[in-house]
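Architecture at a glance
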Amino acid sequence: MSFTLHGLGVSGGIAIGRAMLMSHATLEVAHLTIAPRLVDKEVARFEAAIAAVKAELLQVKESTEHAPAELAAFIDIHTMFLEDPELVDKPREIIRERRCNAEWALVQQMEQLVEQFDRFEDAYLRERKLDVVQVVERVIKELLGHPGRHALKAAKNSKEDSLIVVAHDLSPADTIAFKEHRFAAFITDVGGATSHTAILARSMAIPAVLGLENGRGLIRDGEQLIVDGLRGVVIVNPDQRVLEEYQLRKEQIELERSKLKRLKSAKSESLDGVSVQLFANIELPGDVPVALEAGAEGVGLFRTEFLFLNRGDMPDEDEQYEAYKKVVKGMAGRPVTIRTFDLGADKDLRPETTAGDRVKTNPALGRRAIRLSLAEPRMFQTQLRAILRASKHGPIKLLIPMLAHAHEIDQALAALEQAKSSLRGEKVSFDENIEVGGMIEIPAAALAVGLFLRRLDFLSIGTNDLIQYTLAIDRSDEQVAALYDPLHPAVLMLIAHTLASAEKVGIPVSVCGEMAGDPELTRLLLGMGLRIFSMHPSQILKVKHRVLKSDVGELAPNVRRILRLDEPAKLREALEKLNA
Ligand code: PEP
Ligand code: MG
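Residues numbered from 1 in each chain as written. Chains lettered and ligands numbered in written order. Predicted model: local features only at pLDDT ≥ 70, side-chain atom pairs only at ≥ 80, totals over all residues. Heavy atoms only, no water.

Helix and strand content of the protein chain: 24 helices and 16 strands. The C-alpha atoms of the protein chain give 25 Å as radius of gyration, which agrees with the globular expectation for 580 residues (25 Å, within 12%). If one aligns the C-alpha atoms of the protein chain with their principal axes, the spans along those axes are about 80 × 70 × 45 Å. Counting across all 580 residues of the protein chain, residues that qualify as buried make up 53%. (Helix = DSSP H or I, 4+ residues; strand = E, 2+ residues; numbered from the N terminus. Rg over C-alpha atoms; globule rule 2.2 N^0.38 Å. Buried < 20%, exposed > 50% of the residue type's maximum accessible area, 1.4 Å probe, protein only.)

Okay, here's the thing in structure tokens:
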């Protein structure tokens, strides 16, 4: 039967392919009855999974020399649980007594334990239930196959290059792991338009629809799907006529893309000769060829936190140095802006342990990015030293995320000085004059931008977070996604104020949030005075196309008028005229 689902189209394009369902650990555990003759086998399967997770933890621990002490402690706790009779013997008994599958037995026992932990008076002990949940999730993932592991293996072996990932949710860590695999599209039940999962889908230039609510429950493995990433539509089991229509649209999109490729070597300047720099946002060193292919003039944002995800340990200084060197060498003399890690919130090093706290403590407002860097000075020094060492191989700029306070900038600069002086002491060469910039992504930073302009060499506006914090909209929550509005007058005022203030003192400013890669906003931003745009490589040529067809001198007075409008309908109408 054919049916259509609607969600948020977060990455344009059309994909036609087969559904590949991703499992979601404990949520999707089936209750199966086991034939008496298979009970021993089921127990053995359970024991093997426990042993595999124990071995995995041991391996993580052995390779965590540079990890914070708390990570090692957390591994110890998990290992301890894996030896506890409550988690090892009891599920075995449940399998035998109730003749059920191992996953189900484990979840039953987990629920019992969680109830017991909830009754503890001591807050610390109560919290340990999160560890129980996490350990159980690990074992279940092992039993089911890691969420993704089966799919990734299948994708690798599949002759089809049109597999569509169907998941309840995908963390940025899951999504980044897909970079090496060819999927035709992603669809998920949750997630907002500027969630990092959406950003990654766009960076891979594959269609994605998020926030489908119950797609994972309605779609079956192997069913044929059409994903329209622009309109946010998923058609399940399309009939022949619909299929042909979409095939045609897909071909048209591909034709337009190939036409755009001709612009690659065109000079990026407006009709009236204003030159506009178009940079790439990257997540991993492997993204460099795509950035070059799109004609990027440099890297405007390297989100280094992705080097830290999907692993039990931390990348040490040498590993990070190699990654930064690879990028800077790959960009062959073009500038590379490396942002220090923006970990925390949805890019959590230990997502499972904080999952329960997430709602309560609101991690987007918590210890994230520079706040985490300053709280973990060893981790921060390791990264700063690695970046400095890589700076001898080509032009590197350092970018600090999520700054709000003058003292945070001062502390970050002092940490950089410390890293420099330790390298000097070791006679290691680096760029002494490395430029340091700050991200403007908290409204307070945009309003008090003078603090930043006095202390830093350049600024980069992170509109994704700026919008989230200005409008109090969680960017990864599909329930409020409709309120996430780049054109809200307050957002435009903050961007305009930042650009105008920086221009007065001659400090360069870029925009590296998603707004920079939206061709519908290119003219607006140009008219506001923006000259440096950083975006996914997949957007560069589309934005360049707009730049080449714009007259900045003509745009400026129109945009000034737009900025005085605070009625959304009028503002949108004026923007349409500007783009016409
Ligand atoms: C932003 O917030 O706009 C930004 C570029 O950073 P990130 O999307 O990684 O938070
Ligand atoms: Mg940000």
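The structure having been displayed, the exposition proceeds.
Bringing the nonpolar core into the picture now. Of all hydrophobic cores here, the largest spans 116 residues; its most connected members are Phe186, Ile495, Leu524 and Phe533. A domain split of this core shows at least three residues from each of domain 1 (1-23 + 149-263) and domain 2 (264-345 + 365-579). Among all residues touching phenylalanine 533, those that are not within four sequence positions of it are Val276, Gln277, Leu278, Phe279, Val511, Ala516, Thr522, Leu525, Leu526 and Val543. Judged by nonpolar contacts, the second largest core, of 31 residues, contains Val53, Phe81, Val139 and Leu143. (Core = buried A, V, L, I, M, F, W, Y, C linked by side-chain atoms within 4.5 Å. Domains from an automatic or database assignment. Contact = heavy atoms within 4.5 Å.)

Here the focus is the packing of aromatic side chains. Each pair of aromatic rings is reported with the distance of its centres and the angle of its planes. Counting across every chain of the model gives 5 aromatic pairs. Judged by centre distance (5.4 Å) and plane angle (85 degrees), the rings of phenylalanine 117 and phenylalanine 120 are edge-to-face. Judged by relative accessible area, which is 11%, phenylalanine 117 ranks as buried. Seen from their ring centres, phenylalanine 308 and phenylalanine 341 are 5.3 Å apart, and the 55 degrees between their planes marks the pair as tilted. Taken as a pair, phenylalanine 308 in the loop between strand E10 (299-303) and helix H12 (317-330) and phenylalanine 341 in the loop between strand E11 (336-339) and helix H13 (351-361) lie far apart in primary sequence, 33 residues in all. Assigned by exposure class, phenylalanine 308 and phenylalanine 341 land together as buried. Grouping aromatic residues by their ring pairs yields a cluster made of Phe81, Phe117 and Phe120. (Phe/Tyr/Trp six-rings, centres within 6.5 Å; stacked < 30°, edge-to-face > 60°.)

It is a probe the size of a water molecule, rolled over the atoms, that shows where empty space is left. Counting across every chain of the model gives 1 cavity of 30 Å³ or more. Counted as a void, the largest cavity has a volume near 80 Å³. Around the largest cavity sit 14 residues that line it, and Arg303, Arg339, Glu441, Asn464 and Asp465 are the ones nearest its centre. Breaking the lining of the largest cavity down by element, the ones donating at least two residues are E10 and helix H19 (463-471). (1 Å grid on protein atoms, 1.4 Å probe; cavity = no way out; pocket = protein on both sides within 12 Å on 5 of 7 lines; lining within 4 Å. Points joined across faces, edges and corners; volume = space filled by probe spheres on them.)

Further remarks concern the pattern of salt bridges. Taken as a whole and assessed by the stated rule, the structure comprises 30 salt bridges. Note that aspartate 342 is salt-bridged to arginine 368, the shortest N-O span being 2.9 Å. Here aspartate 342, found in the loop between E11 and H13, pairs with arginine 368, found in the loop between H13 and helix H14 (370-375); they are 26 residues apart in sequence, far enough to count as distant. The class for arginine 368 is buried, based on a relative accessible area of 3%. A salt bridge links aspartate 465 to arginine 475; the shortest N-O distance between them is 2.8 Å. (Salt bridge = Lys/Arg side-chain N within 4 Å of Asp/Glu carboxyl O.)

Within the protein, the atoms that donate to the magnesium ion (ligand 2) are Glu441 (OE) and Asp465 (OD), at distances of 2.0 to 2.1 Å. On the criterion of sequence distance, the pair formed by glutamate 441 in the loop between strand E13 (435-440) and helix H17 (443-447) and aspartate 465 in helix H19 is long-range, its members being 24 residues apart. Considered together, glutamate 441 and aspartate 465 belong to a single accessibility category, that of buried residues. (Donors = N, O, S within 2.8 Å, 3.2 Å for Na, K, Ca; no water.)

With that settled, consider the site of ligand 1. Inspection of the region around ligand 1 gives 17 residues, with Arg303, Arg339, Gly462, Asn464 and Arg475 positioned closest. Contact between ligand 1 and glycine 462: an oxygen atom at 3.4 Å from a main-chain N or O atom of the residue. Contacts to ligand 1 include asparagine 464, whose backbone N or O atom sits 2.8 Å from an oxygen atom. Relative to its unbound accessible area of 290 Å², ligand 1 is 100% covered by the protein chains. (Near = heavy atom within 4 Å. Polar contact = N/O pair within 3.5 Å; in protein donor to acceptor, adjacent residues only side chain to side chain. Areas by Shrake-Rupley, 256 points an atom, 1.4 Å probe, with all protein chains shown as cover.)

What follows deals with the pairing of E11. A two-sided burial pattern is seen for E11, the buried positions comprising Val336 and Ile338 on one face and Thr337 and Arg339 on the other. Sheet analysis places E10 next to E11, joined by 3 bridges and oriented parallel. Following the sheet pairing, phenylalanine 302 is matched in E11 by isoleucine 338. (Pairing = 2+ DSSP bridges.)

With that out of the way, let us pick up unusual backbone geometry. Even without being glycine, glutamate 213 reaches a positive phi, approximately 70 degrees. Of note, glutamate 213 is situated in the loop between strand E6 (208-210) and helix H9 (215-218). The exposure class of glutamate 213 is exposed, given its relative accessible area of 64%. A positive phi angle, near 45 degrees, is found at alanine 332, a position not held by glycine. One can find alanine 332 in the loop between H12 and E11. A residue is classified by how much of its surface remains accessible, and alanine 332, at 55% relative accessible area, is exposed.

Around the barrel, which closes on itself, the 8 strands sit in the order E9-E10-E11-E12-E13-E14-E15-E16 with parallel pairing between neighbours. Taking the axes of each pair of neighbouring strands and ignoring which way they run, one obtains an average angle of 25 degrees across the sheet. Taken together, the 4 bridges between strand E12 (residues 396-400) and E13 define a ladder with parallel strand orientation. Bridge assignment links leucine 398 to a residue of E13, and that residue is valine 436. (Axes fitted to C-alpha atoms, helices over the stretch in contact; angles between N-to-C directions.)

That is the geometry; function is a separate question.
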